[in-house]
Amino acid sequence: MPSVEKNKGKSVVIIGSGAAGLMTAFELLKHNTDVTVLESKQRPGGRLHTLHGHSFSQPVELGAEFIHGDLPLTLSLLDKAGISYHPVNDTMGRLEKGIFKRENNFTAYWSMLMKQMASIQYDMLLAVFLNTYFGEDKYAELRSFIKNFAGGFDLADISTASTKALYREWSKEMGTQYRVDGGYKKLIDFLETECRNNGCIIHFSCCAKKISWHKNEVNILTMCSRMFKADKIVLAVPISILQADTNSRDYIAFSPAVPQHIQAAKNIGFGTVIKIILEFYENFWKAKTKNAGMIFMQNEVVPTWWTQLPVENNILTGWIGNEKAVALQNETDEVILAKAVQSLSHSFDMAEEKIHKNLKAFKIANWSKEPDIYGGYSFNMVESAGAKHILHHPVEDTIFFSGEALFEGSPGGTVEAALSSGKKTAEAVLKTL
Ligand SMILES: Cc1cc2nc3c(=O)[nH]c(=O)nc-3n(C[C@H](O)[C@H](O)[C@H](O)COP(=O)(O)OP(=O)(O)OC[C@H]3O[C@@H](n4cnc5c(N)ncnc54)[C@H](O)[C@@H]3O)c2cc1C
């Protein structure tokens with residue numbers, strides 16, 4: 001019997017309309033399954049959030065912006081949707097007091113570090129690894145660099161991050177990076193339209209609060225007291241939501257409880273980030289930074305910046321990862337903007353007032369405070385491999401989990417990770433229908 005007939009009448013509710021949730025729906029709908037998506041926000045996409053307007057002269061990305069390499073699922077979906085993308089200028093350099101230096105090899109210690117990371121037999125916390133193998137005073141700079149790199153790029157906290165997982169991530173050549181023309185929203189629009197055209201119902205402003213279940217039957221109660229019923233449920237929410245305390249606004253109750261899976265979720269790290277998007281009337285960095293795509297400002301509150309090159313415009317994006325973001329997460333947008341301007345002022349050796357006067361538009365995306373998400377993306381702790389293994393096993397073939405944090409390959413914490421997880425979840429659900 002063809003699979004189209006097989007699943008007729010079988011229903012699946014997916015919680016969350018990010019890349020993972022929509023991808024799960026997209027794949028399930030190919031097999032004639034009844035799919036309903038519940039999303040607590042008023043828009044789909046989750047951490048894919050392309051902002052239009054807001055005084056910017058072009059759409060800007062508040063969440064994901066890059067395709068980190070030739071990633072098969074992301075690129076094949078973009079091709080299928082007819083959405084173009086372009087390679088990014090990712091040449092980098094360091095700017096200090098107005099002087100720019102190209103910097104390709106992160107530090108003189110990088111190859112030594114990678115060699116040592118490759119050689120460890122058992123996994124350990126990155127902080128322990130650094131103290132064990134690079135604890136001497138002469139390595140102080142290396143330790144500080146690695147802490148900032150892990151926190152800035154991977155949003156990983158070295159006191160809980162897995163050394164082996166970071167080694168796997170860092171030892172892979174990323175290759176060409178790309179940006180989606182018009183923004184990632186185009187990919188979300190494509191998935192949403194495809195899902196709706198195939199019969200999927202998507203409810204926005206619909207926050208799942210309680211899941212009552214027994215094998216092959218699920219009842220979902222939402223915050224606005226609506227009830228949904230299905231044979232199966234997929235939780236495609238950020239891992240931070242599964243980690244929420246019972247008294248938190250975001251806590252999702254399971255009845256009966258699913259303690260093994262919730263404990264597993266707590267064994268996956270989730271970092272945070274503040275992204276600062278600034279548009280200026282005049283481009284003041286082009287001449288100084290020699291057309292670099294990425295600009296590092298060591299020891300500044302906002303240490304990482306990038307331009308939109310090869311697209312020439314007047315937009316600069318600042319990035320504050322993990323520890324530094326946590327320190328600022330409760331500040332107002334104005335305070336965070338002031339810190340960003342200070343960082344630019346020091347590094348470009350330019351008066352703050354001049355930078356403020358040149359500012360045309362700004363947007364602070366403080367992801368720690370973003371409802372229904374509360375962070376940036378996941379990182380691997382020492383316990384995460386086992387945790388992912390548990391989360392990949394559905395509860396009684398009825399409750400499934402999905403999302404970037406469940407992805408086991410590389411690059412982790414990405415859109416590709418979310419799409420791959422969604423596809424894998426759909427395959428797992430289909431096996432049980
Ligand atoms: C600032 C930032 C920059 C990034 N940059 C990049 C990048 O350049 N490249 C890259 O590949 N990746 C990047 N990422 C990571 C990437 O965005 C994520 O890995 C990916 O989008 C996660 O998708 P997801 O579907 O797993 O989760 P999400 O996108 O978080 O989707 C989960 C959805 O669940 C909803 N939800 C939560 N609770 C409930 C509930 N109770 N009921 C109903 N709905 C609920 C949420 O509202 C959300 O829409 C970035 C992330 C951030 C935050």
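The structure we're discussing is the one just above.
As the structure is a prediction and not an experimental result, all values here were calculated from the model.

**Quick look at the site of the ligand**
By nearness alone, 41 residues border the ligand, and Ala20, Glu39, Arg47, Phe66 and Val415 come closest of all. Within the backbone of alanine 208, one N or O atom sits 3.0 Å away from a nitrogen atom of the ligand. Within the complex, 98% of the 1,000 Å² of free accessible area of the ligand lies under protein. When contributions to the shell around the ligand are tallied by element, the ones reaching two or more residues are α2 (19-29) and α15 (415-432). Across the shell around the ligand, the residue classes tally to 23 nonpolar, twelve polar and six charged.

**Regarding the sheet that holds strand β11 (residues 208-214)**
Taking strand neighbours across the sheet as the criterion, the four strands line up as β13-β12-β11-β15 in an open arrangement whose pairing is mixed. At either margin of the open sheet sits one strand with a lone partner, and together these are β13 (227-230) and β15 (253-255). With strand direction ignored, the average angle separating the axes of adjacent strands in the sheet is 15 degrees. Bridge count between β11 and β15: three bridges; the pairing is parallel. Counterpart to serine 212 in the pairing with β15 is serine 255.

**Focus: the pattern of salt bridges**
Considering all chains together, one arrives at 19 salt bridges under this definition. Among the ionic pairs, lysine 30 bridges to glutamate 27, the shortest N-O distance being 3.0 Å. The salt bridge partner of glutamate 136 is lysine 138, with a shortest N-O separation of 3.9 Å. Given a relative accessible area of 47%, glutamate 136 falls into the partly exposed group. Here lysine 138 falls in the exposed class, since its relative accessible area comes to 52%. Salt bridges sharing partners connect three or more residues here, namely Lys41, Arg249, Asp250, Glu370 and Asp372.

The rules behind the values
Residues numbered from 1 in each chain as written. Predicted model: local features only at pLDDT ≥ 70, side-chain atom pairs only at ≥ 80, totals over all residues. Heavy atoms only, no water. Near = heavy atom within 4 Å. Polar contact = N/O pair within 3.5 Å; in protein donor to acceptor, adjacent residues only side chain to side chain. Areas by Shrake-Rupley, 256 points an atom, 1.4 Å probe, with all protein chains shown as cover. Helix = DSSP H or I, 4+ residues; strand = E, 2+ residues; numbered from the N terminus. Nonpolar A, V, L, I, M, F, W, Y, C, P; charged D, E, K, R; others polar. Pairing = 2+ DSSP bridges. Axes fitted to C-alpha atoms, helices over the stretch in contact; angles between N-to-C directions. Salt bridge = Lys/Arg side-chain N within 4 Å of Asp/Glu carboxyl O. Buried < 20%, exposed > 50% of the residue type's maximum accessible area, 1.4 Å probe, protein only.

By themselves, these observations are geometric and do not establish any function.
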